[in-house]
Amino acid sequence: MKIFCWVCLVFGIVSVGSFSEEPQLSSPRVVFQTNYGDIEFGFYPSVAPKTVDHIFKLVRLGCYNTNHFFRVDKGFVAQVADVAGGRSAPMNEEQRREAEKTIVGEFSDVKHVRGILSMGRYSDPDSAQSSFSILLGDAPHLDGQYAIFGKVTKGDETLRKLEELPTRREGIFVMPMERITIHSSYYYDTELESCQKERGILKRRLAASAVEIERQRMKCFP
């Protein structure tokens, strides 16, 4: 299994923008269903558009299903394994082609704080593929060196469960003693759900109006 890690060297940084405030999440949400609960996250397309497109395509292809978190370092990161080597199920050709792509390093001024999603990579700043970390605490030493592309929107209680699991150290990595499996994943659009909710409210209002109109008609025109 390939292991992507953060290294403590400074490489040439390609800035894709400055964000004095928290960037806007787009409407899609992804949910990882693990053996310890669900983790939902959204994307920052204005910060890392190529990274977002790549990760979202991997999700839509089902590439993260049967993958796992190979690293859980309490207060630091929970890191998802590279899908090409971390899945327990075999990959089809389309999945493998997408998983083996590398993404240009879209580094930004967004800060590495708890809940942020940040790409793993080798020393080459443009070597990110499919491994990424969920920040379990603030890590300012990573700022500007790793591509942030989203954040957790639900599931912090799941992350806290992961932080309490027994771990072992292998070199620089703190790894869980048992496999934390992403059994399945799915995605949905918050704007679509909002529209459906509003449509339901409108239908109820129209129905109520129709009843009132009929009541008035019966009253005034018996």
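Residues numbered from 1 in each chain as written. Predicted model: local features only at pLDDT ≥ 70, side-chain atom pairs only at ≥ 80, totals over all residues. Heavy atoms only, no water.

Peer 1: What is the right way to read the overall build of the chain from this model?
Peer 2: Secondary structure summary: the chain contains five helices and ten strands in total. Evaluated residue by residue, the chain yields a buried proportion of 47% over its 222 residues. A total accessible area of about 11500 Å² is found for the chain, and carbon and sulfur atoms account for 55% of it. (Helix = DSSP H or I, 4+ residues; strand = E, 2+ residues; numbered from the N terminus. Buried < 20%, exposed > 50% of the residue type's maximum accessible area, 1.4 Å probe, protein only. Areas by Shrake-Rupley, 256 points an atom, 1.4 Å probe, with all protein chains shown as cover.)

Peer 1: Before we go on, may I ask you to explain the environment of Pro176 in this structure?
Peer 2: Here Pro176 lies in strand β9 (residues 173-176). By relative accessible area, which is 7% here, Pro176 ends up buried. Through-space distance from the C-alpha of Pro176 to that of Glu164 is 9.7 Å; in sequence the pair is twelve residues apart. If we ignore the near neighbours within four places in the chain, the residues touching Pro176 are Phe69, Phe70, Arg71, Val72, Pro166, Thr167 and Arg168. (Contact = heavy atoms within 4.5 Å.)

Peer 1: Quick question: what am I supposed to make of the layout of surface pockets here?
Peer 2: A probe as big as a water molecule, rolled over the atoms, marks out the empty space that is left. The space that makes up the largest pocket amounts to roughly 220 Å³. Looking at the largest pocket, it is lined by 16 residues, and the ones nearest its centre are Glu22, Tyr44, Lys111, Val113 and Ile116. In terms of residue class, the lining of the largest pocket is made up of eight nonpolar, one polar and seven charged. (1 Å grid on protein atoms, 1.4 Å probe; cavity = no way out; pocket = protein on both sides within 12 Å on 5 of 7 lines; lining within 4 Å. Points joined across faces, edges and corners; volume = space filled by probe spheres on them. Nonpolar A, V, L, I, M, F, W, Y, C, P; charged D, E, K, R; others polar.)

Peer 1: It is not clear to me how the pairing of strand β2 (residues 37-43) should be interpreted in this structure. Could you clarify?
Peer 2: Remark: a regular strand shows side chains that alternate across the two faces of the sheet. Among the seven residues that make up β2, five are buried, leaving the element largely enclosed by the rest of the structure. Pairing geometry for strand β1 (residues 28-34) and β2, over six bridges, is antiparallel. Paired with Thr34 across the bridge in β2 is Gly37. Judged from the four bridges that link them, β2 and strand β7 (residues 148-154) form a sheet pairing that is antiparallel. Each bridged residue has a counterpart across the sheet, and for Glu40 the counterpart in β7 is Lys154. (Pairing = 2+ DSSP bridges.)

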